[in-house]
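# Close look at the chain arrangement
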Amino acid sequence: MDELVRGTSADGAVRVYCAVTTDLTNRAQRIHHTYPVATAALGRLLTGAAMMGAAGLKSETDSLTLQIKGDGDMGMIVAVSDSAARVRGYVENPFTERPLNSKGKLDVGGAVGRGYLSVIRDLGMKEPYIGQVPLVTGEIAEDLTYYFAKSEQIPTCMALGVLVDTDNSALAAGGFMIQLMPEATEETAERIEKTAAELPPVTTMIKDGMSAEDMLFRVTEGFSMLMDNNKITPEYKCTCSRERMERALISIGKKELRDMIDEQGEAELTCRFCDNKYKFSREELEELSERAKG
Ligand SMILES: [Zn+2]
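Residues numbered from 1 in each chain as written. Predicted model: local features only at pLDDT ≥ 70, side-chain atom pairs only at ≥ 80, totals over all residues. Heavy atoms only, no water.

This part takes up helix H8 (residues 242–251). The α-helix winds at 3.6 residues per turn, so residues separated by three or four positions along the chain end up facing the same way. Buried residues of H8: Met245, Leu249 and Ile250, and no others. Down the axis of H8, the sector holding all buried residues measures 140°, keeping them to one side. Set apart from the buried face of H8 by more than 90 degrees, the exposed residues are Arg247 and Ser251. Just past H8, the residue glycine 253 takes up positive phi, approximately 105°. (Buried < 20%, exposed > 50% of the residue type's maximum accessible area, 1.4 Å probe, protein only. Helix = DSSP H or I, 4+ residues; strand = E, 2+ residues; numbered from the N terminus. Arc of directions from axis to C-beta.)

In structure tokens, the structure reads:
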């Protein structure tokens, strides 16, 4: 079962988030029929979003969106999370195929290419808060680490991993995020770095049966950690609804809706995140166009 745990070192200097996200990665894989490179890319980004959502959002209606826009074959990758690590996402081209990279691993960086990572926080204010950094490797964990250093000045060590099976599904997926708070000393930073450098890959730890909590204690070996009692179950959950689709149709304007009625007679909208289809008959479109502006 997927899980996300949080802990803080007794001196408050180190905050850690660990997540097992195999189930939600598989849910995303089944919705989008992703091939291995896209399964890995989307699973990593969803896992990063889940941890960042749980770490940085307060209210239930807040949302965090990670957007990777590279010039590679995979196109744009999007992941959205709320404060309870309910995530959704998509990849522009889920059927990208790439030879393995020089390390014999899925070439996520190559499929992403060069471009930008955007982090969008919607906290219910008039405008969302948007941060953007160039991609470092396109491997996603390094890009998110760079974002924290550059945009938020929070020294962060992020690891994300998805082990893909021969049927394109995920055998293991998850990650961890270690953040140093301002009270962290140079010595703390060095110890964290040293431990992180000696860790087995995230997917190995998960495949070997480690829970998110086991992983948390492993990545902070030697530190006295206080666990946050309330565990979160991250899950893939779409927020689309017929009402949202109606609002989207109304927002395209009266004239465009009239054209749609004249040319197609009806409309079918597909949700990018969950593939649900919403059909609107001529009569329903007529009624929406009455409510539209213009
Ligand atoms: Zn949906």
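The next thing to look at is the coordination of the zinc ion. Note on metal geometry: ideal angles are 109.5 degrees for four donors arranged tetrahedrally and 90 or 180 degrees for six donors arranged octahedrally. Cys238 (SG), Cys240 (SG), Cys271 (SG) and Cys274 (SG) make up the full set of protein donors to the zinc ion, lying at 2.2 to 2.3 Å. The coordination sphere of the zinc ion comprises 4 donor atoms, whose angles at the metal cover 102 to 115°; the geometry is tetrahedral. The motif formed by the donor residues of the zinc ion, counted along the single chain, is C-x1-C-x30-C-x2-C. Taken together, the residues cysteine 240 in the loop between strand E11 (235–236) and H8 and cysteine 271 in the loop between strand E12 (267–270) and strand E13 (277–280) connect sequence positions 31 residues apart. Taken individually, cysteine 240 and cysteine 271 each receive the classification buried, so the pair is uniform in this respect. (Donors = N, O, S within 2.8 Å, 3.2 Å for Na, K, Ca; no water. Tetrahedral: all angles 85-135°; square planar, octahedral: opposite > 155°, others 65-115°.)

For the structure shown, the criterion picks out 3 aromatic pairs. Residue placement shows arginine 88 over the ring face of phenylalanine 273; its charged tip is 5.0 Å from the ring centre. Arginine 191 extends its terminal NZ or CZ atom over the ring of phenylalanine 223, reaching a point 4.1 Å from the ring centre. (Phe/Tyr/Trp six-rings, centres within 6.5 Å; stacked < 30°, edge-to-face > 60°. Lys NZ or Arg CZ within 6 Å of the ring centre and 35° of its normal.)

Attention shifts here to the sheet that holds strand E8 (residues 156–164). In a beta sheet, neighbouring strands are held together by backbone hydrogen bonds and run either parallel or antiparallel to one another. Overall, antiparallel pairing links the 5 strands, which are arranged E8-E9-E2-E1-E10 in an open sheet. The sheet terminates laterally at E8 and strand E10 (225–227), the two strands that pair on one side only. On average, each strand axis in the sheet is tilted by 15° relative to the strand beside it, whichever way the strands run. Bridge count between E8 and strand E9 (residues 170–180): 9 bridges; the pairing is antiparallel. Looking across to E9, one finds that alanine 159 is bridged to phenylalanine 176. (Pairing = 2+ DSSP bridges. Axes fitted to C-alpha atoms, helices over the stretch in contact; angles between N-to-C directions.)

Our focus in this paragraph is the pattern of salt bridges. A pair can form between side chains of opposite charge whenever their charged atoms are brought close. In this structure the tally under the stated criterion is 16 salt bridges. Across the pair glutamate 139 and arginine 44 runs a salt bridge, and its minimum N-O distance is 2.9 Å. Of this pair, glutamate 139 sits in the loop between strand E7 (129–134) and helix H4 (141–151) while arginine 44 sits in helix H2 (residues 36–56); the two residues are 95 residues apart in sequence, bridging distant segments of the chain. Residue arginine 191 is joined to glutamate 187 by a salt bridge in which the shortest nitrogen-to-oxygen separation is 3.9 Å. Separated by 4 residues within a single helix, arginine 191 and glutamate 187 lie in helix H5 (residues 186–197), roughly one turn from each other. Residue class for glutamate 187 comes out partly exposed when judged on its relative accessible area of 49%. (Salt bridge = Lys/Arg side-chain N within 4 Å of Asp/Glu carboxyl O.)

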